[in-house]
Amino acid sequence: MTNYKYDPKSLCADEFINHQEILDTLEYAQAHKDDVALCRAILDKARGNLHPKNDHGAIITHREAAVLLACEDAAIVNEMKELARQIKLAYYGNRIVLFAPLYLSNYCVNGCLYCPYHAKNKTIPRRKLTQDEIRAEVIALQDMGHKRLAIEAGEHPKENPIDYILESMRTIYSIKHKNGAIRRVNVNIAATTVDEYRMLKEAEIGTYILFQETYHKENYLKLHPTGPKHDYNWHTEAHDRAMEGGIDDVGLGVLFGLDNYAYELVGLLMHAEHLEAVHGVGPHTISVPRVKPADDIDPTDFDNSLTDELFEKIIALIRVAVPYTGMIISTRENERVRAAALQYGISQISGGSRTSVGGYTEEERPRDTEQFNVSDQRTLDEVIAWLMENDHIPSFCTACYRAGRTGDRFMAFCKSGQILNYCHPNALMTLAEYLMDYASPVTRDRGFRLIKRELEKIPNARTHDLCKANIKAIMSGNDRDFRF
Ligand code: SAM
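What counts and how
Here the residue index of a chain counts from 1 through its sequence in written order. Per-residue local features of the predicted model are confined to residues with pLDDT of at least 70, and side-chain atom pairs are confined, for both listing and counting, to 80 or more; whole-chain, interface and lining totals are unaffected and use all residues. Excluded from the side-chain calculation are hydrogens and water; included are all heavy atoms of the structure. We count a stretch as a helix when DSSP gives it H or I for four or more residues in a row; a strand needs E for two or more, and each element gets its number in order from the N terminus. Both definitions apply: the radius of gyration is a C-alpha atom measure, and the globule rule equals 2.2 Å times residues to the power 0.38. Exposure is judged per residue with a 1.4 Å probe applied to protein chains only, and the accessible area is read against the type maximum: over 50% gives exposed, under 20% gives buried, and values in between give partly exposed. Every residue pair with non-hydrogen atoms within 4.5 Å of one another is taken to be in contact. The accessible surface values rely on the Shrake-Rupley method and a 1.4 Å probe; as for residues, cover is taken only from the protein chains in view. A residue counts as positive if it is Lys or Arg and as negative if it is Asp or Glu; His and the chain ends are not included. To locate a charge, the coordinates of NZ of Lys, CZ of Arg, CG of Asp or CD of Glu are taken. We count a salt bridge whenever a side-chain nitrogen from Lys or Arg sits within 4 Å of a carboxyl oxygen from Asp or Glu. In this scheme, a helix's expected span is set at 1.5 Å multiplied by one less than its residue total. In the analysis that follows, any N or O atom pair within 3.5 Å is treated as a polar contact, provided that within protein one partner can donate a hydrogen and the other can accept it, and provided that, for residues neighboring in sequence, both atoms belong to side chains. Planes of paired rings set the category: under 30 degrees apart is stacked, over 60 is edge-to-face and the rest tilted, where pairs are Phe, Tyr or Trp rings (Trp by its six-membered ring) whose centres lie within 6.5 Å. A ring is scored as having a charge over it whenever the NZ atom of a lysine or the CZ atom of an arginine sits within 6 Å of its centre and within 35 degrees of its normal. One bridge is not enough; two strands pair if DSSP finds at least two bridges between them. Here, the term right-handed applies to a crossover whose path from the first strand over the helix to the second runs clockwise when the strands point away from the viewer. Summary of the distance rule: residues count as near a molecule or strand when at least one heavy atom falls within 4 Å of that molecule or strand. In the scheme used here, Gly and all other residues not listed as nonpolar or charged are polar, with Ala, Val, Leu, Ile, Met, Phe, Trp, Tyr, Cys and Pro taken as nonpolar and Asp, Glu, Lys and Arg as charged. Where helices are involved, their axes are fitted lines through C-alpha atoms of the stretch in contact, as for all axes, and angles between N-to-C directions lie from 0 to 180°. By the definition adopted for this analysis, an angle is roughly parallel if under 35 degrees, roughly antiparallel if over 145, roughly perpendicular if from 65 to 115, and oblique otherwise. Note on convention: near helix rotated counterclockwise from far helix by under a right angle means a left-handed crossing. Clockwise means right-handed. Note on disulfides: each one is a pair of cysteine sulfur atoms within 2.5 Å. Note that the arc is computed from the directions linking the helix axis to the C-beta atoms.

**Student:** A description of the overall build of the protein should follow, citing residues and the corresponding values.
**Tutor:** Check the secondary structure of the protein and you find 20 helices and nine strands. Taking 23 Å as the expected radius of gyration for a compact globule of 484 residues, we find that the protein reaches 22 Å, a close match to that expectation. Oriented by its inertia axes, the alpha-carbon framework of the protein measures out at about 65 × 55 × 40 Å. Among the 484 residues that make up the protein, the fraction classed as buried is 61%. The contacts of the protein with a sequence gap of at least 6 include a subset with a gap of at least 24, amounting to 74%. Working note: accessible area of the protein is about 18,700 Å², and carbon and sulfur atoms make up 50% of it. Across the protein, the centroid of the 58 positively charged side chains sits 6 Å from that of the 69 negatively charged ones.

**Student:** Give me the lowdown on the pattern of salt bridges, citing residues and values where you can.
**Tutor:** By the definition in use, this model includes 32 salt bridges. Between Arg-127 and Glu-133 there is a salt bridge, with its nearest N and O atoms 3.4 Å apart. Two residues, Arg-378 and Glu-335, come together in a salt bridge whose shortest N-O distance is 3.4 Å. Taken together, the positions of Arg-378 in the loop between strand S8 (348–350) and helix H15 (380–389) and Glu-335 in helix H14 (residues 335–343) put the pair 43 residues apart, joining distant regions of the chain. Judged by relative accessible area, Arg-378 falls into the buried class, the value being 13%. Each of Lys-81, Arg-290, Lys-292, Asp-308, Glu-312, Glu-333 and Arg-336 takes part in salt bridges that share partners, so that together they form one network.

**Student:** Before we move on, could you go through helix H12 (residues 261–279) and cite the residues and values that matter?
**Tutor:** Since the α-helix advances by 3.6 residues per turn, residues separated by three or four positions end up pointing in the same direction. The end-to-end C-alpha separation of H12 is 27 Å, in line with the 27 Å expected for 19 residues at 1.5 Å each. Between a side-chain oxygen at the N-terminus of H12 and the backbone nitrogen of Ala-262 the separation is 2.9 Å; the capping residue is Asn-260. Phi turns positive, to about 75°, at Gly-280, one or two residues after H12.

**Student:** Could you give an account of the packing of aromatic side chains, with specific residues and numbers?
**Tutor:** Counted by the stated rule, this structure contains six aromatic pairs. Both rings, one in Tyr-197 and one in Tyr-208, keep their centres 4.8 Å apart while their planes meet at 65°; by these two values the pair is edge-to-face. Highlighted residues: Tyr-197 in helix H8 (residues 194–202) and Tyr-208 in strand S4 (residues 205–209), separated in sequence by eleven residues. Tyr-208 carries the same exposure label as Tyr-197, and that label is buried. Taken together, the ring pairs connect Phe-396, Tyr-434 and Tyr-438 into an aromatic cluster. Stacked on the ring of Tyr-28, the Lys or Arg Arg-63 has its end atom at 5.6 Å from the ring centre. Above the plane of the ring of Trp-234 lies Arg-241, whose end atom (NZ or CZ) is 3.4 Å from the centre.

**Student:** Describe the pairing of strand S2 (residues 148–153), naming the residues involved and giving the relevant values.
**Tutor:** The element S2 is largely enclosed, with a buried count of six among its six residues. Side chains Arg-148, Ala-150 and Glu-152 project from S2 onto one buried face, and the interleaved Leu-149, Ile-151 and Ala-153 project onto a second face that is buried too. In this structure, strand S1 (residues 95–105) lies alongside S2, joined through five bridges in parallel fashion. Looking at S2, one finds that Ala-100 is bridged to Leu-149. Note on the crossover from S1 through helix H6 (residues 131–144) to S2: the handedness is right-handed. Note: S2 against strand S3 (residues 184–188), five bridges, orientation parallel. By the bridge assignment, Glu-152 is partnered in S3 with Asn-188.

**Student:** Residues and numbers for the site of the ligand, please.
**Tutor:** Taken together, the neighbourhood of the ligand is formed by 21 residues, with Tyr-114, Glu-213, Lys-229, Lys-292 and Arg-332 sitting nearest. Glu-213 has a polar side-chain atom sitting 2.5 Å from an oxygen atom of the ligand. Interatomic distance of 3.0 Å between a side-chain N/O atom of Arg-332 and a nitrogen atom of the ligand. The protein chains hide 97% of the 570 Å² of surface that the ligand would expose on its own. Along the lines of polarity and charge, the residues of the shell around the ligand split into eleven nonpolar, three polar and seven charged.

**Student:** Which residues make up the packing of helix H19 (residues 441–455) against helix H20 (residues 461–476), and what values go with them?
**Tutor:** At a minimum axis distance of 11 Å, the contact between H19 and H20 shows a crossing angle of 165°. Between H19 and H20, the angle is such that the two are roughly antiparallel. Handedness of the crossing formed by H19 with H20: left-handed. Residues Phe-448, Ile-451 and Leu-455 of H19 touch H20, and the partners they reach there are His-464, Cys-467, Lys-468, Ile-471 and Met-475.

**Student:** An account of the side chain of Arg-148 is needed here, citing residue identities and associated values.
**Tutor:** Within the fold, Arg-148 resides in strand S2. One buried charged residue, Arg-148, forms no salt bridge at all, with the nearest opposite charge on Asp-249 at 8.0 Å. Here the side chain of Arg-148 touches Cys-397 through a polar contact of 2.6 Å, landing on its backbone oxygen. Among all residues touching Arg-148, those that are not within four sequence positions of it are Val-97, Leu-98, Phe-99, Ala-100, Arg-184, Asn-186, Gln-348, Cys-397 and Thr-398.

**Student:** Can you lay out the state of the cysteines for me, pointing to particular residues and giving the numbers?
**Tutor:** The full count for this structure, using the stated rule, is zero disulfides. A disulfide-free cysteine, Cys-112 has its sulfur positioned 5.8 Å from the sulfur of Cys-115, the nearest such atom. The cysteine Cys-467 is free of any disulfide, with Cys-397 supplying the nearest cysteine sulfur at 11 Å. Under the relative-accessibility criterion, Cys-467 is labelled buried at 0%.

**Student:** How would you explain the side chain of Lys-33 if you had to name every residue and give the values?
**Tutor:** Here Lys-33 is to be found in the loop between helix H2 (19–32) and helix H3 (36–47). Apart from the residues within four sequence positions on either side, Lys-33 is in contact with Cys-39, Val-67, Ala-70 and Cys-71.

**Student:** Explain H3 to me, and be specific about the residues and the numbers.
**Tutor:** Taking 1.5 Å of rise per residue, the twelve residues of H3 would be expected to cover 16 Å, and the 16 Å separating its terminal C-alpha atoms lies within 8% of that figure. Listing the buried residues of H3 in full gives Cys-39, Ile-42, Leu-43 and Ala-46. In a view along the axis of H3, the buried residues occupy a sector of 100°, so they form one face of it.

Below, the structure is given as C-alpha cells:
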C-alpha cells in the first residue's frame, strides 16, 4: 500500500482518515490508558466546553478521545459519562427531536455483506414506492404527528436515479393533510456527484446523511465486495462533495459491530476534524447504528459486536469530543438502551418507525422488506409519553434550517448560547401542535403540564410572552407553524 501521510486538510480519504495515524493513536491510547492523571486532564480540557460561549480551544483531539476510550478506571468512566450528560444539557437542554425514516426503495446494486438489500439477496421482495404510494405513506406519517423525515433508498441507478429521489422530495413537501406537514426531509442515499448534491440542495434537503459503515479500508473493501459502494474513497469523500455542492448539514455514522470499535471511533472523530478543518464546520449529526438481524443477515457473522455498556461509553465519549454535533439513535435499539443513550448525549431519535418499503400504510408491521429488525416497536405516542415521563421535551422543531441557521451559522448560533431563546420555545410550540392534533388524552395532559413548567425557563421576557400566546393560539384553533 502507498504510504500516505496524515493530513486533516487533505481531500484524499487515505490522508484525512489515515490508517497509520489510527494505528499510532490506538498504540498511544494503550500506552496511556492507565494514566489516570492524563485522563483527568483530558476531561478537564473537555469541561471547558460546558459553556457554549467558549470557543473551540477546548475540543479534545482524536488521540485524547482514544485514551479515554481505552481507560477502564471506573471513576474516570463515570466522570466522563457525567460530563457527557452535562455537555448535552448545556447545548441541547432536555429537548429530543423526533423523526421517522421513510424507505422509498430497496432495489440495490451493491453487495454490502451486512445489509438485506444486497443485490444477491433473492429472498427479499424488491419494492419501490410510486409517487401515489409515497403520498399515502406521508399522510400516514403526518397522521402520527411526524414533521421530519429521513428518506432511505438502496443504490440503483436505473430504479432509484436522482430524479426519482428529487421527485419524491417534492411530493413529500407538497402534502398538506389536515394540520400536517413534513417540514424537513433528510436524505440517506449512496455517495454521489457534486452536481447531484447540488440538485438535492435545490430540492431543499435538510441533512445529507451517509454512514461510513467502517473506516477500516481493507475491511471496508471486503464488506462491500461489489457495486459502486466498493469504492472506499468515493464513499469516504462524499461529505466533502456534498458540501461543495452547497449542502451545509452533513451527517456521519459508523455501523458499529462491523469492525474494531476503537478503530471506528478514532476514524469517526478524524472525519469530524477533517470537515471542521476543510469547511470550517463539523458534521451536523453523528449516528450510532449497530448491526442488527435482518433477512439473510446474521449479526454474529461479524465478530465485533459491542456490549450495551461499551456502547453507552462510546456515545458518552462522542458527546464529550464533539459537543456541538447532534447525535441520533434509531429504533434499532430497544427502550432500555435508548433511555441510557439519551442521558449521555443523544439529541434525536426516531419513533414509530417502520423500516420496510411501504410499511406505514400496512395495518400489521410488515417484516418482509425490513432493512433491519426494529427493536423499539412502540408507537410514536408511546415514545412521546415515555420521553416526557423521563423529563425530556419531545420536539418536532425544524426551525433552524428553515430560518437559514445551517452549517457554520448553526454552529455560531449554538455557541452564542441563544438556544434557550430559540430552540426551547420552538420545541414547546411544536410539542403543543403534536398534543392538540395527534396525542392520546393521557399524553396530551402530561404534555401540557410539562409545557407550563418549561415555559418558565425561557430567559427573554418578550420571547416567553410570545411563545405563551402562540401556544394559546395552537390550543384554540388551527394556527400552526410558529417559530423563532
Ligand atoms: N444505500 C444508501 C447507502 O449506501 O448509504 C443508504 C443506506 S441504508 C438505506 C441505511 C443504513 O442502514 C446503511 O448505511 C447501514 O449503515 C444501515 N444498515 C444496513 N444493514 C443494516 C443492518 N443489518 N443492521 C443495522 N443497520 C443496517
